[in-house]
Every structure is written in structure tokens, then in C-alpha cells.
Amino acid sequence: MNKATIFKGFIKLRPQFHTILNFSSSSATNQWIPTITSSCITSLQLSAQERNLTKGKELHSYILRNGFTNSPLFTTSLINMYSKCNQIRESLFVFDTSIHCRNVFVYNAIISGLVSNGLPRNAIEIYNGMQQLDCIMPDKFTFPCVIKAFSEVNQVIDVMKIHGLVFKFGLEFDVYIGSALSHCYLKIGLINSADKVFVEMPTRDVVLWNAMINGYAQIGQHDRALQVFGLMVEQGFVPSRFTVTGILSAFASNGDLKSGMAIHGFVIKMNYDSGVAVSNALIDIYGKCKRLEDAKTVFNVIHEKDVFSWNSIICVHEQCGDHDETLRHFYAMLRAGVKPDLVTITTVLPACARLAAINRGKEIHAYTIVNGLENDFCDMNAKNAIIDMYAKCGSMRDARLVFDQTSRKDLASWNIMIMGYGIHGLGEEAIRMFHAMRETRLDPDEITFVGILSACSHAGLLSQGREFFANMQTKFGITPTVEHYTCMVDLLGRAGELNEAYELISKIRVEINPIVWRAFLAACRLHGNTDLAEIATKRICELDPYHCGSYVLMSNIYGAIGRYDEVSHVRHSMRGKNVRKTLGCSWIELGNGVRVFSTGDRTHPEDSLIYALLNSLTTWIAGSYLVLV
């Protein structure tokens, strides 16, 4: 019998149900009560399973209308139905109005519903109220939910108290409680306790193995997760969907594409690819291993994409540097009717920043405001992403406005503002922001000094930059990294202090990367110092012989002073090493998206008209110039 038949069967029984309620003294009609009750409960369970709120409310309305509300069985089913449909207020209303018909199952239903809807503190409050009742005792279904609630709020002592109660009730060998405890202990960092619970379990099922594998994966102990997975397979347990999601995250973290593809084959064999969680995990591992096409293939075959599916594919495109496609998928997500969350927002905003697509960024910012995602209690990562987007798009006014309206600023917020002022040449503002940060008793970190030194470099504040560089180690105890040295070389080079910059490079104690020498080479080109430029080019070619930037800079230096033989030699050297200049590109916001184009681009369907207009403009500009001359 299918689900629709069961629900229709209940609808057909409603007349008899009405008769029973009105003539309950009749023994003939009382025989229908178990049938009606069973059908109604089954229909409620199906509504919960299918997340069918409309059917669930119709059943609830019928129950209320006929006065059949004092049954713990109906109360439990209604709470479960509303919880599964994410209507936690209605679940609480049913619970609050069921004071005279509560039993342990009713309490289990509301505690489970609160935990699954992300309200662990409310679940703990109701559990504590339950503990004060002598007539209702927790059972083996109560403890797993309560353990999860306490782990969500990181209350270690209370978890241990629950563990003690489990022994008191003689449930220490229950596999579901053991799974909850193992996972909880791993989550709060008590690895030895988790291992002890796992080892002492006389019988193990796949749920317990999954708790250990997923627990280790979630806390970053991926090698240990793989060990447990290997032991599980050795003992003959067949991995489930939950096993697959945990082990794929471990492979993704380790960049183990080969093992991930093997698990993908297992997934197809077991028909686990029909589960959206498994597909999301596959997208994640392919994305982290830079297999964009494979990730897109998995994504495209998902029939019912959830917010995690969209987040996964959006993150993959952003990780692969395909910012335009990141935004395209975001708008496709909106068209599909899937509501973005904070993870989505913090992924697409950096794409707007890198494309300088401020109009798209403003639209996304507006979306966060309209949907209540931007407030003083939201994730600071989202706030910082908004500030960073405005700063990198050149709108420091908007960045400052969001920054000032943020009541709980963290160090990253200050660093973004300092860096933003710096890259736009507002060095004095960056310095004022640094001192304002110090007034809040926040200590700067390595990133802060990269920002402030970069700000001094772009604004030509030589003396201030020297002072900050000297103070970062003596006053703040921060050892300079190669990034700080690069900023100082750039600062000194822009100011024409090439000899001092060269001396600084010679004294660097950390491993030098080509970026330091490229900054120095750019300064040599700026000031026409060929001798030092040749030294820099030689070192760059030793460190990174296949990067085109240094060859182009050196060629330009030789060309500026008329040494064309050397220009020819540099270009010959590039050809000999098969080094090609990276094709530059530009982009512009037009209509509903960002248009990217490069030199000599012929991809537009109306390219002939575009180039004809460009030629006309070029001719007109040349003619105007001749007239002026």
C-alpha cells in the first residue's frame, strides 16, 4: 500500500470517526477506534516524512475539531510532524497545550524537534523540566538527543553527567547512546573518552562506526577517520551513505582524488548517488581536487538540489577562480527557488570583489538585509565579506558605513579596512584606522602589518613605513615574514631607495620567493637602474624560470634605454624556454552579468560591428589629434 492510499484511507474513515466521537458509548462503534487512530497516526507520520505541512495541518484541524486532543500518541505525532516541517513554533504550541497528556514520548518528540531545528538550549531547558518530574523518566531515546544538545552548546560537564545517568539506568551498552556519546566526545575534543566508549561497546553497528568516522572528519582528524574506516571494512561492515559522506570529506582534505574516485564507484554500485548528501560530498572532493568538470557532472544529475548542493558547486567555481560562473550559479540558485544562507553569501561576495562587480555586490548586500541575514548577531564572516567587497570594489565610503554599523568588530574587520585604505592610496586613513584599532585594545597580527606597510608603500609614507616595520617585532613581538619584506622592498623601491632595498633583501633570514625580487625589479624599472635590474632578473630566473612577468619587465627596461640587442636576447630566451606572456583581460558589468574580454577577442556574436565602431573611434581620435597639432 503506497503513501497516497494510506492518507485517502483515513479521509474515507472520517465519517465513522465523527460517529465514534459522538456515540462513544456504543460498543459497536468503539470497534472502529483502533482503526481510526492507526490511520490518523500513519497519515501524520507520512506528512512528517514527506514534509507535507498542508496535509499535516488538515489532520491537526480535524483532530482539534473533534476534540481528540488528550492523547499522548496524537500529541507526539503532531510535534514530530511540525518539527520535520521546520515549524518549531507550532511544535512548541502543541507541547505547551498538552500539559495533562505528557509522557516520555511527548518529551522525546519535542526535545528531538528542537535539536534538529538548531535550538539546543531550548531542548536542554525542556529536558531540565522533565528531570524535575518524578513520574516521567528519560529512556534510551531521550539520551541521544540530549547528548547532542549539550555538545552543540559545548557543555562538557553536563555531557559527563548524562554519561553517568546512562550507567545509572543500565543503558551504557545501548548502541545509539554509545554512538551519540562517541560523536559528542570527539566534537568537544575528548578523543580518549570517545575511543573508550567505542572500544567498550560489546556490539557495534554501522551507526557507531559512522559516529566515529564522521566525528574524526569533522574535527580535522582525517588520518584517524581513514584508519577507523579501514578497520570497519576489515570487520565486514558495509559502508552506508553516512559513512561515505564522512570518508569523502577526509579524502577531500587530503587531496586524495584516486581514493575519492574509488568511493564514487562504490557509491554508484550501491545506488547511493540518489542521496543528495552523498552527491554534495562528491562535488566537494572533486572541487578541492580542481576537477571542475567532474564536479559539474555530479551536480547536474542531482534531481532535487538543496542549499548544500548549490553551495558546493558555487564554492567549487570560486576555488577554481571562475568568478563569473560563481555569480551565474548564484543567480541560477535564486531562480530555482532555493534560499541562500550565510555560506552562500560569504562565497559569492569575494567573487564580486575579485571582478569589481559592485552592482552585483550591492544586490547581494540588499538581499542579506531584506532576508534578515545582516544584523549584529549574524556570522562575522558575512559582515567582513560585505566590507571586503566594497573595499576591493573601490567604494571605501560604503565599506566604512557597514564597518561603523557593525557593533561587534573583530580583528579581521579592522584588517580589511586598513588594507582597503592602503590599496586605494589613502595611507593616512589606514594609519588612523590602525591607531583606532589599538584604542579598542586589539593587538595587530601579521595581516595587520601587511596592510599597514602596503598602505605606506602606496601612499609614499617612507618614514612611517620604516617605523611600523621596526615596531612590529620590538613592540608587538611579530617576526617579519616574506610578505612583510616584500612590502618594505616595494616601499623603499617606490621611494628610490634601491640600494637600501637591495641590502634589505640580502639580510632576509626567511626563504625568499620570486615575488620579493619582482617587486625590486619593478622598482628598478621605475628608476631606470639597469645594473640592479639585471641582478634581480637573474635571481628571479633561478627561482621561477617559467614566469613571464620578469622577462617582460626586463625587456621593457632594456627598451627604455635603447639596448635593443638585449631586448632581442630576452625575447629569444623566452622562446627557448617556451615562456609566453599571459594574455590580459578586462571585464565590465553590463545588464545582468559581468562581461569578460581580452585583447583581440572575437567571441562576441557581433564582433565585426564592435571592431568597426572601434576603428571609427580610433580614426576620429587620430584626426582630432592632427587638428589640434
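All values reported here derive from a predicted model rather than from experimental measurement.

Draft legend 1. Seen up close, the overall build of the protein chain. A count of helical and extended segments in the protein chain gives 35 helices and 2 strands. The long-range share in the protein chain, meaning contacts at least 24 apart out of those at least 6 apart in sequence, stands at 60%. Just so you have it, the protein chain exposes about 33,000 Å², and 55% of that area is on carbon and sulfur atoms.

Draft legend 2. Broad picture of helix H4 (residues 53-65). Taking 1.5 Å of rise per residue, the 13 residues of H4 would be expected to cover 18 Å, and the 18 Å separating its terminal C-alpha atoms lies within 8% of that figure. Three or more residues of H4 are buried, namely Gly56, Leu59, His60, Tyr62 and Ile63. Take H4 and look down its axis: the buried residues cluster within an arc of 160 degrees, on one side only. Opposite the buried face of H4, at more than 90 degrees from it, the exposed residues are Thr54 and Arg65.

Draft legend 3. View of the nonpolar core. Ile111, Ile452 and Phe520 are the most contacted members of the largest nonpolar core, which totals 166 residues. Looking at this core element by element, the count peaks at 8 residues for helix H7 (residues 104-116).

Draft legend 4. Just the packing of aromatic side chains, in detail. Within this structure, the stated rule accounts for 17 aromatic pairs. Here phenylalanine 95 and tyrosine 107 contribute two aromatic rings whose centre-to-centre distance is 5.3 Å and whose plane-to-plane angle is 80 degrees, an arrangement assigned as edge-to-face. You can see phenylalanine 95 sitting in helix H6 (residues 88-96) and its partner tyrosine 107 sitting in helix H7, a full 12 residues away along the chain. A single burial state applies to phenylalanine 95 and to tyrosine 107, both of which are buried.

Draft legend 5. Spatial organisation of the environment of arginine 121. Position of arginine 121 relative to the elements: it lies in helix H8 (residues 120-131). It is 7.3 Å that separates the C-alpha atoms of arginine 121 and valine 153, two residues lying 32 residues apart in sequence. Other than its neighbours up to four places away in sequence, arginine 121 contacts Val153 and Gln155.

Draft legend 6. Layout of the packing of helix H17 (residues 276-288) against helix H18 (residues 292-300). Packing of H17 against H18 leaves a shortest axis separation of 8 Å and a crossing angle of 165 degrees. Our classification of the angle between H17 and H18 gives roughly antiparallel. Here the hand of the crossing between H17 and H18 comes out left-handed. Each of Ser279, Leu282, Ile283, Tyr286 and Gly287 in H17 lies in contact with H18, whose residues at this interface are Asp294, Ala295, Val298 and Phe299. When its residues are assigned to classes, the contact of H17 with H18 shows 6 nonpolar, 2 polar and 1 charged.

Draft legend 7. Region of interest: the packing of helix H5 (residues 72-84) against H6. As a packed pair, H5 and H6 sit with axes 7 Å apart at the nearest point and diverge in direction by 165 degrees. As summarised for this structure, H5 and H6 are arranged roughly antiparallel, according to the angle between their axes. At the point where H5 passes H6, the crossing takes the left-handed sense. Of the residues in H6, those in contact with Thr75, Leu78, Ile79, Tyr82 and Ser83 of H5 are Ile88, Glu90, Ser91, Val94 and Phe95. The residue inventory of the contact of H5 with H6, partitioned by class, reads 6 nonpolar, 3 polar and 1 charged.

Draft legend 8. Representation of the pattern of salt bridges within the structure. With the rule as written, the count across this model stands at 16 salt bridges. Residues lysine 288 and aspartate 284 are paired through a salt bridge, measuring 3.5 Å at the closest nitrogen-oxygen approach. With lysine 288 and aspartate 284 both in helix H17 and 4 residues apart, this pair spans about one turn of that helix. Assessed through its relative accessible area of 42%, lysine 288 is described here as partly exposed.

Draft legend 9. Fine view of the side chain of histidine 329. When you line up the elements, histidine 329 lands in helix H20 (residues 323-335). Not counting residues within four places of it along the chain, the set of residues in contact with histidine 329 comprises Phe299, Trp310, Ile313, Ile314 and His317.

Conventions and cut-offs
Residues numbered from 1 in each chain as written. Predicted model: local features only at pLDDT ≥ 70, side-chain atom pairs only at ≥ 80, totals over all residues. Heavy atoms only, no water. Helix = DSSP H or I, 4+ residues; strand = E, 2+ residues; numbered from the N terminus. Contact = heavy atoms within 4.5 Å. Areas by Shrake-Rupley, 256 points an atom, 1.4 Å probe, with all protein chains shown as cover. Expected span 1.5 Å × (residues − 1). Buried < 20%, exposed > 50% of the residue type's maximum accessible area, 1.4 Å probe, protein only. Arc of directions from axis to C-beta. Core = buried A, V, L, I, M, F, W, Y, C linked by side-chain atoms within 4.5 Å. Phe/Tyr/Trp six-rings, centres within 6.5 Å; stacked < 30°, edge-to-face > 60°. Axes fitted to C-alpha atoms, helices over the stretch in contact; angles between N-to-C directions. Parallel < 35°, antiparallel > 145°, perpendicular 65-115°, else oblique. Left-handed = near helix turned anticlockwise from the far one by under 90°. Nonpolar A, V, L, I, M, F, W, Y, C, P; charged D, E, K, R; others polar. Salt bridge = Lys/Arg side-chain N within 4 Å of Asp/Glu carboxyl O.

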